[in-house]
Amino acid sequence: MYGPTVQAREVRGGIHFHQTPVVPARPAPPRQLLPVPANYTDRESDLEALDDLRATGLPLIVVSGPAGIGKTTLVSKWLRALSAEFPDGQLYADLRGHTAGDPARPAEVLGQFLRALGAGPPPADAVELGALWRSLTAERRIVIMLDNSFTAAQVRPLLLSGPGGLVVVTSRRRLTGLRMQGAGFHQLDALGTEAGVELLTRGIGVDRVAGELPAAQRLVALCAGLPLAVCLASARLATRPRQSVGALVDALARNTDGGRLAALDVEGETSVHKALDASYAVLSGEAARLYRTLGLLPVHTFDAVIAAVSCGESLEWAVRRLDELVEANLVEDIGPESFRLHDLLRIHAHGRAVDDDTSAAQEEALRRFCDGCLYTATAAQERLTPVQFTLPRIYAYRPEIPLPFGDDIAALGWLDSHRAQLLEAVRLAAGRGWYDTSWMLVDALWPLFLRLRHYTEWIEAHKIGLEAARQAGNREAERQMLNSGAIGLGAAGHTDEATAWYRDSLRAAREAGDPRDEGQALLGLGACHREAGRLDDAVGHLNRAISVWEACGYPRGAALARTTLGEIALAKDAPAEAVGSFTRAHAALVAVNDPHDAARALAFLGRAGVRGGAYEEGMARMKEALEVFNGSGAVFWQARTLEMLGQSAAEHGDRTGAEEFLGRALTLFETTSPADALRLGGGG
């Protein structure tokens, strides 16, 4: 457990702005190995067909077929065999073309791909995003699998620009519109009887099938030759070793209107639904409840913690139930502590929840999910930014689970690895009218956005959070969303919009008589003026922020404003003035126990000292600040400090030291800030 929150707001500093991105140095090849299930049946003719398409030199191949036909498994197996041809890596994305929610946006997928290739946080602008992708892949030999694609338009922005790569698309649709991009096509058909019986044999054994071969053949026919349906049927038989294959055939036949499984309808969903019902019927009551709950959640992957929280059960309970679902082939184990439901399984699980659970039980599960996200994200926030107190948290179902992290690095890693889940919780809470939960979740994501700079998500989340705070009638939360969101807008280069948000915040703060928020808005407006090159206006706003904060007894805010004033003085080549600002800021931040911002002020103080002629003392201060950033995992500020060290060494005539510092800075910028990498690398 962690301590109670405190009803106070702290200034959110560290405002930085995004510029034109850069293509980073090529990192180690990214890999996402796609598991091939043991019960996969070799489709030799289909593999040969894909080989034939590949031999023609096509850069784009579309594999289509009905739901549950085995497209993903086939392509995964084929691409594994081609790994040597693509030494620069393999990338995978589920485009969610047939899930209950919206299909994946191309920008979302490009962002994931760019981060996997070492480009760092992607630009927010779609044009810049596409340009960076095309530039980064122009000469790479990589293979990309775009799974569950919905339309040709969804695929086109994700195609490679160079001749050495390969993109393979799977879809329930034929996607003939991709002919314009030179695609080759392969339609995957249902399993034949022999292949289907082979798949069933792998699930329940040779002796059992041989003893009832006609029934086994009938079972494959009832499953319409769908590998998914055959696997599910074999899973049910495996859990009932004394049940005959013929008995299962009779049971499946009785569960259809015509005395047998219906023929495929709407790309196979009818037949699979019946097979899923049969497997669901043999689950234990607890596993069935978890299955239904998972079908309700707005996530595409999940772990045992999410499962436990959403059901209001212990972690041990969730682990046991997930094991049962995996064994029944109703949940896929896709990696360390990570699971997912096939999109058809999600539809089925959701339907079972609607049919079997009350609306109150469904709402409770979703509320528990959101509260679990809020609880853990808030704990990470309080660990990472303890000096920045949060507004009080409200829980309908406060979780009783161990926190999945024990230090700052792990807390930040958890926020980043669960970013998609947390944003879905923000959207879900807002959509359900749980407005307080929605804006609280956004507020809890502050350290994630500040340190890792996911600009697109930063802006989207705060727009939702701002509206949620307004719907909740919480003016304090509204100002919090305006200020935090404006920082993200400014960092992404949307200076005009950021200015508008700060002005709204300033007006609201003055109406509420809240000097802390008034100072925050003035600080933000000063940063916007500075970014626009209006330095005199920037100084005026920053000095007003200092006056407001000093009058209300808030030294930390005044120190952050003085840090920005010092940066302006450095830009004006006034090192003595900058030293004065940074010295006062550093002392105040140390006094209020804000190590991160104190280290920022110290790094700048060292740089100003060097500019003023105190080389040795200035370098020592910057190196001291660097140690703080190394210990906290603040990679961006590690890079900034190394850059200042390199500049200082170069000015002092230490060419070797300068090259070392600047080289290290460039390497770090390439993973955190492409704009700064471009600037430092000489491209802008």
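Please read these numbers as outputs of a predicted model, since none were measured by experiment.

A. View of the overall build of the chain. The helix and strand tally for the chain stands at 32 helices and 7 strands. Across the 684 residues in the chain, those meeting the buried criterion constitute 56%. In the chain, of all internal contacts separated by at least 6 residues, the share reaching a separation of at least 24 is 70%. For the chain, the computed accessible surface area is about 27,000 Å², with 51% contributed by carbon and sulfur atoms.

B. Focus on the sheet that holds strand 1 (residues 60-64). Pairing is parallel across the open sheet formed by 5 strands, whose spatial order is 2-3-4-1-5. Of all strands in the sheet, those with a lone pairing partner are strand 2 (90-94) and strand 5 (184-187), marking the two edges. Neighbouring strand axes in the sheet, compared pairwise and without regard to direction, differ in orientation by 15 degrees on average. Taken together, the 5 bridges between strand 1 and strand 4 (residues 166-171) define a ladder with parallel strand orientation. Opposite isoleucine 61, over in strand 4, you have valine 168 as the bridge partner. With respect to the sheet, helix 3 (residues 106-116) is in contact with strand 2 and strand 3 (143-149), its orientation differing from that of strand 2 by roughly 155 degrees.

C. Molecular detail of the packing of aromatic side chains. Under the counting rule described, the total for this entry stands at 14 aromatic pairs. On the basis of an interplanar angle of 80 degrees and a centroid distance of 5.8 Å, the ring pair of tryptophan 549 and tyrosine 554 is categorised as edge-to-face. Across the pair, exposure class does not vary: tryptophan 549 and tyrosine 554 are buried alike. Judged by centre distance (5.8 Å) and plane angle (90 degrees), the ring pair of phenylalanine 604 and tryptophan 637 falls under edge-to-face. Pair noted here: phenylalanine 604 is in helix 28 (residues 595-611) and tryptophan 637 is in helix 30 (residues 635-651), with a separation of 33 residues, a long-range link. The exposure class assigned to phenylalanine 604 is buried, which follows from its relative accessible area of 3%. Grouped by ring-pair contacts, the aromatic residues Phe582, Phe604, Phe629, Phe636, Trp637 and Phe669 constitute a single cluster.

D. Structural view of the nonpolar core. Judged by nonpolar contacts, the single largest core of 109 residues is most densely connected at Tyr291 and Leu294. Residue contributions to this core peak at 11 residues, all from helix 16 (residues 359-384). Apart from residues lying up to four places away in sequence, leucine 294 is in contact with Phe302, Ala307, Leu322, Leu325, Val331, Leu341 and Arg346. Ranked by size, the runner-up nonpolar core spans 41 residues in total, among them Leu74, Ile204, Leu226 and Val230.

E. Quick peek at the environment of alanine 578. Inspection of the secondary structure assignment puts alanine 578 in helix 27 (residues 575-591). Sequence spacing of alanine 578 and leucine 605 is 27 residues, and the spatial spacing of their C-alpha atoms is 7.5 Å.

F. Looking closely at the packing of helix 21 (residues 455-472) against helix 22 (residues 475-491). Packing of helix 21 against helix 22 brings their axes to within 9 Å, and their N-to-C directions diverge by 160 degrees. With respect to each other, helix 21 and helix 22 are oriented roughly antiparallel. Along this stretch, helix 21 crosses helix 22, giving a crossing that reads as left-handed. Across from Tyr455, Trp458, Ile459, His462, Gly465, Leu466, Ala469 and Arg470 in helix 21, the residues of helix 22 making contact are Ala477, Glu478, Met481, Leu482, Ser484, Gly485, Ile487, Gly488, Leu489 and Ala491.

G. Spotlight on the environment of glycine 613. Turning to its location among the elements, glycine 613 is positioned in the loop between helix 28 and helix 29 (615-632). On the accessibility criterion, glycine 613 (66% relative accessible area) is exposed. Placed 38 residues apart in sequence, glycine 613 and proline 575 show a C-alpha to C-alpha distance of 9.2 Å.

H. Just the side chain of arginine 292, in detail. By the secondary structure assignment, arginine 292 is in helix 12 (residues 285-296). Among the residues examined, arginine 292 registers a relative accessible area of 12% and is labelled buried. Within the structure, the side chain of arginine 292 is placed 2.8 Å from the side chain of tyrosine 280, a separation counted as a polar contact. In contact with arginine 292, other than residues within four places in its own chain, are Tyr280, Ala349, Arg352, Ala353, Asp356 and Asp357.

I. Structural detail: the pairing of strand 4. A large share of strand 4 lies buried, amounting to 6 of its 6 residues. By the bridge criterion, 5 bridges tie strand 3 to strand 4 in an arrangement that is parallel. Across the sheet, isoleucine 144 pairs through a bridge with valine 167, a residue of strand 4.

J. Highlighting the confidence of the model for the chain. With 89% of its residues at a pLDDT of at least 70, the chain reaches an overall mean of 85. In this model residues 1-10 is a low-confidence stretch, pLDDT under 50, and it forms 43 contacts with partners more than four residues away in sequence or in other chains.

K. Broad picture of a negative patch on the surface. A contiguous patch of negative charge on the surface is contributed by Glu44, Glu48, Asp51 and Asp52. Locating glutamate 48 in the fold gives a position in helix 1 (residues 44-55). On the basis of relative accessible area, glutamate 48 is assigned to the partly exposed category, the value being 49%.

L. Quick look at the pattern of salt bridges. The final tally for this structure, using the stated rule, is 38 salt bridges. Note that arginine 105 and glutamate 460 form a salt bridge whose closest N and O atoms lie 3.8 Å from each other. Taken as a pair, arginine 105 in the loop between strand 2 and helix 3 and glutamate 460 in helix 21 lie far apart in primary sequence, 355 residues in all. For the salt bridge of glutamate 497 with lysine 463, the shortest nitrogen-to-oxygen distance reads 3.5 Å. With glutamate 497 in helix 23 (residues 495-512) and lysine 463 in helix 21, the pair connects residues that are 34 residues apart, well separated along the chain. Ionic contacts of the salt-bridge type, sharing partners, join the residues Arg105, Glu424, Arg427 and Glu460 into one network.

M. Up close: helix 9 (residues 227-239). For helix 9, spanning 13 residues, the distance from its first C-alpha to its last is 18 Å, which sits close to the expected 18 Å at 1.5 Å a residue. The buried fraction of helix 9 is high, at 11 of 13 residues. All of the buried residues in helix 9 are Pro227, Leu228, Ala229, Val230, Cys231, Leu232, Ala233, Ser234, Ala235, Arg236 and Leu237.

N. Spatial organisation of unusual backbone geometry. Of note, leucine 175 is a non-glycine position whose phi angle comes to about 55 degrees, a positive value. Inspection of the secondary structure puts leucine 175 in the loop between strand 4 and strand 5. Of the residues examined, leucine 175 reaches a relative accessible area of 7% and is grouped as buried. One non-glycine residue with positive phi stands out, namely aspartate 573, at about 60 degrees. Along the chain, aspartate 573 turns up in the loop between helix 26 (555-571) and helix 27. Here aspartate 573 falls in the exposed class, since its relative accessible area comes to 55%.

O. Representation of the pairing of strand 2. The element strand 2 is largely enclosed, with a buried count of 4 among its 5 residues. As judged from the 5 bridges shared by strand 2 and strand 3, these two strands associate in the parallel manner. Across the sheet, the residue bridging to leucine 91 is isoleucine 144, located in strand 3.

P. Spotlight on the packing of helix 6 (residues 193-204) against helix 9. Contact pair helix 6 / helix 9: the axes reach a minimum separation of 9 Å and the direction vectors enclose 30 degrees. In terms of crossing hand, the pair formed by helix 6 and helix 9 is right-handed. Contacts between helix 6 and helix 9 involve Gly196, Leu199, Leu200, Gly203 and Ile204 on the former and, on the latter, Pro227, Val230, Cys231, Ser234, Leu237 and Ala238. A breakdown of the residues in the contact of helix 6 with helix 9 according to their chemical character gives 8 nonpolar, 3 polar and no charged.

Each value, and the rule that gives it
Residues numbered from 1 in each chain as written. Predicted model: local features only at pLDDT ≥ 70, side-chain atom pairs only at ≥ 80, totals over all residues. Heavy atoms only, no water. Helix = DSSP H or I, 4+ residues; strand = E, 2+ residues; numbered from the N terminus. Buried < 20%, exposed > 50% of the residue type's maximum accessible area, 1.4 Å probe, protein only. Contact = heavy atoms within 4.5 Å. Areas by Shrake-Rupley, 256 points an atom, 1.4 Å probe, with all protein chains shown as cover. Pairing = 2+ DSSP bridges. Axes fitted to C-alpha atoms, helices over the stretch in contact; angles between N-to-C directions. Phe/Tyr/Trp six-rings, centres within 6.5 Å; stacked < 30°, edge-to-face > 60°. Core = buried A, V, L, I, M, F, W, Y, C linked by side-chain atoms within 4.5 Å. Parallel < 35°, antiparallel > 145°, perpendicular 65-115°, else oblique. Left-handed = near helix turned anticlockwise from the far one by under 90°. Polar contact = N/O pair within 3.5 Å; in protein donor to acceptor, adjacent residues only side chain to side chain. pLDDT = per-residue confidence, 0-100. Patch = residues over 30% accessible without salt bridge, like charges linked within 9 Å, V, L, I, M, F, W, Y side chains within 5 Å. Salt bridge = Lys/Arg side-chain N within 4 Å of Asp/Glu carboxyl O. Lys, Arg positive; Asp, Glu negative; His and termini not counted. Charge placed at Lys NZ, Arg CZ, Asp CG, Glu CD. Expected span 1.5 Å × (residues − 1). Nonpolar A, V, L, I, M, F, W, Y, C, P; charged D, E, K, R; others polar.

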